[in-house]
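Residues per chain are reported as follows:
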Amino acid sequence: LTLPYIVRVIGVEKYGAVAFALTTVQYIVILSTYGFQYSATKAISVNRENTEKINHIFSAVLTLKALFSFTFSLLYLLFIYQIPSLREHHLLYVFALGIPLGNALLPVWLFQGLEKMNLILMPNLISKSLMVVCIFSFINDKEDYIFISLMHGISFVLSGIIGVYIAIYKLRIKFSLPSKHFFVLTLKDGLHIFLSTIGINLYRNANIFLLGVMTNNMLVGYYASAEKIIKALQATIA
């Protein structure tokens, strides 16, 4: 919905810079998600009648994802500021860090394990609708391109906050810091899944990343625009 407007206003080259920033930050999402999208979902499903155990799983996974996200975000910033071509658009990358933060907060695995996927609708609908409105309202000039990643970041953070709110106040999940032993068990449960899926997850984002590293923002912009349209069509067919 927003792609034609964004490309027309900021131009293909600036859009390429935005696409590269949003792609590189996805690697933080992949690493901080670990294997929890499967291991935590299974653990919640198996223990759905055990409220205390669910509280421990919720607290451990949320804490670990937040720690992973924070750690990899710091490494990401060091990487950005070490490369002159990326440092030039540093705010673009800083603003995009809201994406891994929001992803760390949104407990999709909890809703999946409890078979309450309808609860994901509200945070996604509110955050994405707000982002669309903000893009059409505030992206009016070529130099506004840095705010696109900010809007994506805010959208994900808002979605994450709403998700945690639903978990705590609607599902009555309580945050209670588990023991060190439980953290270790949670990490072990997700490790084999993480190792078995890390390759394909990194590969899915490789095209835009490699184009950004080896070519320029103009080519990235053209490719990212085409890829977004293709993925949108694939989603409707699926």
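Residues numbered from 1 in each chain as written. Predicted model: local features only at pLDDT ≥ 70, side-chain atom pairs only at ≥ 80, totals over all residues. Heavy atoms only, no water.

Colleague: Would you mind showing me how to read the overall build of the protein here?
Modeller: Along the backbone of the protein there are 13 helices and zero strands. In sequence order, the secondary structure elements of the protein are arranged as α-α-α-α-α-α-α-α-α-α-α-α-α. Relative to a compact globule of 238 residues, whose C-alpha radius of gyration would be 18 Å, the protein shows 19 Å and is just as compact. Seen along its three principal axes, the alpha-carbon backbone of the protein occupies a region of about 55 × 35 × 30 Å. (Helix = DSSP H or I, 4+ residues; strand = E, 2+ residues; numbered from the N terminus. Rg over C-alpha atoms; globule rule 2.2 N^0.38 Å.)

Colleague: Hey, could you run me through the side chain of D144 in this one?
Modeller: Looking at the secondary structure, you find D144 in the loop between helix 9 (121-138) and helix 10 (146-170). One buried charged side chain, D144, makes no salt bridge at all; its nearest oppositely charged neighbour is K14, positioned 11 Å away. (Buried < 20%, exposed > 50% of the residue type's maximum accessible area, 1.4 Å probe, protein only. Lys, Arg positive; Asp, Glu negative; His and termini not counted. Salt bridge = Lys/Arg side-chain N within 4 Å of Asp/Glu carboxyl O.)

Colleague: Mind showing me how you'd approach the packing of aromatic side chains here?
Modeller: Two descriptors summarise a pair of aromatic rings, namely the distance from one centre to the other and the angle between the planes of the rings. Across all of its chains, the model carries eleven aromatic pairs by this definition. With 5.6 Å between their ring centres and 45 degrees between their planes, Y34 and F68 make a pair best called tilted. Of this pair, Y34 sits in the loop between helix 2 (26-33) and helix 3 (36-46) while F68 sits in helix 4 (residues 51-82); the two residues are 34 residues apart in sequence, bridging distant segments of the chain. Judged by centre distance (5.1 Å) and plane angle (20 degrees), the rings of Y34 and F194 are stacked. In this pair, Y34 sits in the loop between helix 2 and helix 3 while F194 sits in helix 11 (residues 180-204), placing the two residues 160 residues apart along the sequence. According to the relative accessible area criterion, Y34 is buried, its value standing at 10%. (Phe/Tyr/Trp six-rings, centres within 6.5 Å; stacked < 30°, edge-to-face > 60°.)

Colleague: How should I be thinking about unusual backbone geometry in this particular structure?
Modeller: Only a minority of non-glycine residues have a phi that is not negative, and only a minority of peptide bonds are not trans. Of note, Y34 is a non-glycine position whose phi angle comes to about 60 degrees, a positive value. One non-glycine residue, R172, lies in positive phi territory at about 65 degrees. Within the secondary structure, R172 is located in the loop between helix 10 and helix 11. According to the relative accessible area criterion, R172 is exposed, its value standing at 60%.

Colleague: Just to check I follow, could you spell out the packing of helix 7 (residues 98-105) against helix 10 for this structure?
Modeller: For any two helices packed against each other, the geometry comes down to the angle between their axes and how far apart the axes lie. Following both chains from N to C, one finds helix 7 and helix 10 inclined at 15 degrees, their axes separated by 7 Å at the closest point. The pairing of helix 7 with helix 10 is recorded here as roughly parallel in orientation. Viewed along their axes, helix 7 and helix 10 form a crossing whose handedness is left-handed. On helix 10, the residues that touch G98, I99, L101, G102 and L105 of helix 7 are H152, G153, F156, V157, G160, I161 and V164. A per-class count over the contact of helix 7 with helix 10 returns seven nonpolar, five polar and no charged. (Axes fitted to C-alpha atoms, helices over the stretch in contact; angles between N-to-C directions. Parallel < 35°, antiparallel > 145°, perpendicular 65-115°, else oblique. Left-handed = near helix turned anticlockwise from the far one by under 90°. Contact = heavy atoms within 4.5 Å. Nonpolar A, V, L, I, M, F, W, Y, C, P; charged D, E, K, R; others polar.)

From the geometry alone we can't say anything about function, so treat these as descriptive.
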